Amino acid sequence: FSVTAVRVEGEFNSLWLVRSADTDVIKNFDDALRCGDVIALEHVTSKKSLMTNTDSPMLSNNYTVGCIEKPKLAINSNALKVDCVNQSAGTIVQG
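Residues numbered from 1 in each chain as written. Predicted model: local features only at pLDDT ≥ 70, side-chain atom pairs only at ≥ 80, totals over all residues. Heavy atoms only, no water.

Engineer: Could you give me a rundown of the overall build of the protein chain, with the residues and numbers involved?
Structural biologist: When you go through the protein chain residue by residue, the secondary structure sums to zero helices and five strands. For the protein chain, the sequential pattern of α-helices and β-strands runs β-β-β-β-β. As presented, the protein chain carries roughly 7,200 Å² of accessible surface, and 52% of it is formed by carbon and sulfur atoms. (Helix = DSSP H or I, 4+ residues; strand = E, 2+ residues; numbered from the N terminus. Areas by Shrake-Rupley, 256 points an atom, 1.4 Å probe, with all protein chains shown as cover.)

Right under this line is the structure:
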């Protein structure tokens, strides 16, 4: 799955904090995000963590995605691996 946002002035519902999944440290704006990094995303407005569930939803065969109260540290359901197509691990994500 992918997380998308819109770039519209005053649209704060699309903002996510990027945290290191193992230490819960917030990544700074100028920190490089690399292919293979394991991160957690926190919704800025609600302060909830994005989570996935491998149980198949009733309407499709895809993953379920939702938000949960922020745990102390990332757990399997909200630890997300940055997977880059045609890029090797450690490559800085562009864009």
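Engineer: Run through the pattern of salt bridges, naming residues and quoting values.
Structural biologist: Any two side chains of opposite charge can pair if their charged atoms end up close together. Tallied over the full model, the rule gives one salt bridge. Here E42 makes a salt bridge to R19, at a shortest N to O gap of 2.8 Å. Here R19 lies in strand β1 (residues 16-20) and E42 lies in strand β2 (residues 38-43), a separation of 23 residues in the sequence. Exposure remark for E42: the relative accessible area of 4% places this residue in the buried category. (Salt bridge = Lys/Arg side-chain N within 4 Å of Asp/Glu carboxyl O. Buried < 20%, exposed > 50% of the residue type's maximum accessible area, 1.4 Å probe, protein only.)

Engineer: Give me the side chain of D37: which residues, what numbers.
Structural biologist: Note on placement: D37 falls in the loop between β1 and β2. Despite its burial, D37 remains without a salt bridge, the nearest opposite charge being carried by K27 at 4.1 Å. Within the structure, the side chain of D37 is placed 2.9 Å from the backbone nitrogen of R34, a separation counted as a polar contact. In this structure D37 touches K27, A32, L80, K81 and V82, once residues within four positions along its chain are discounted. (Lys, Arg positive; Asp, Glu negative; His and termini not counted. Polar contact = N/O pair within 3.5 Å; in protein donor to acceptor, adjacent residues only side chain to side chain. Contact = heavy atoms within 4.5 Å.)

Engineer: Please give an account of the confidence of the model for the protein chain that cites residues and values.
Structural biologist: Chain-level pLDDT for the protein chain is 77 on average; 72% of the residues reach the 70-or-more range. The secondary structure element of the protein chain with the lowest average pLDDT is strand β4 (residues 64-69), at 71, and the one with the highest is β2, at 87. (pLDDT = per-residue confidence, 0-100.)

Engineer: I'd like to hear about the side chain of H43, residue by residue, with values.
Structural biologist: Within the secondary structure, H43 sits in strand β2. Its relative accessible area of 9% is what places H43 among the buried residues. Excluding residues within four positions of it along the chain, H43 makes contact with N13, L15, W16 and K48.

Engineer: Describe in detail the state of the cysteines, supporting the description with residues and values.
Structural biologist: Among covalent bonds in proteins, the disulfide is the one between the sulfur atoms of two cysteines. Per the stated rule, a full pass over the model turns up one disulfide. The side chain of C35 participates in a disulfide bridge whose partner is C84; the two sulfur atoms lie 2.2 Å from each other. Between C35 and C84, the S-S dihedral sits near -100°, and the bridge is therefore left-handed. Of this pair, C35 sits in the loop between β1 and β2 while C84 is found in the segment after β5 (80-81), placing the two residues 49 residues apart along the sequence. For C35, a relative accessible area of 5% puts it in the buried group. (Disulfide = S-S within 2.5 Å.)

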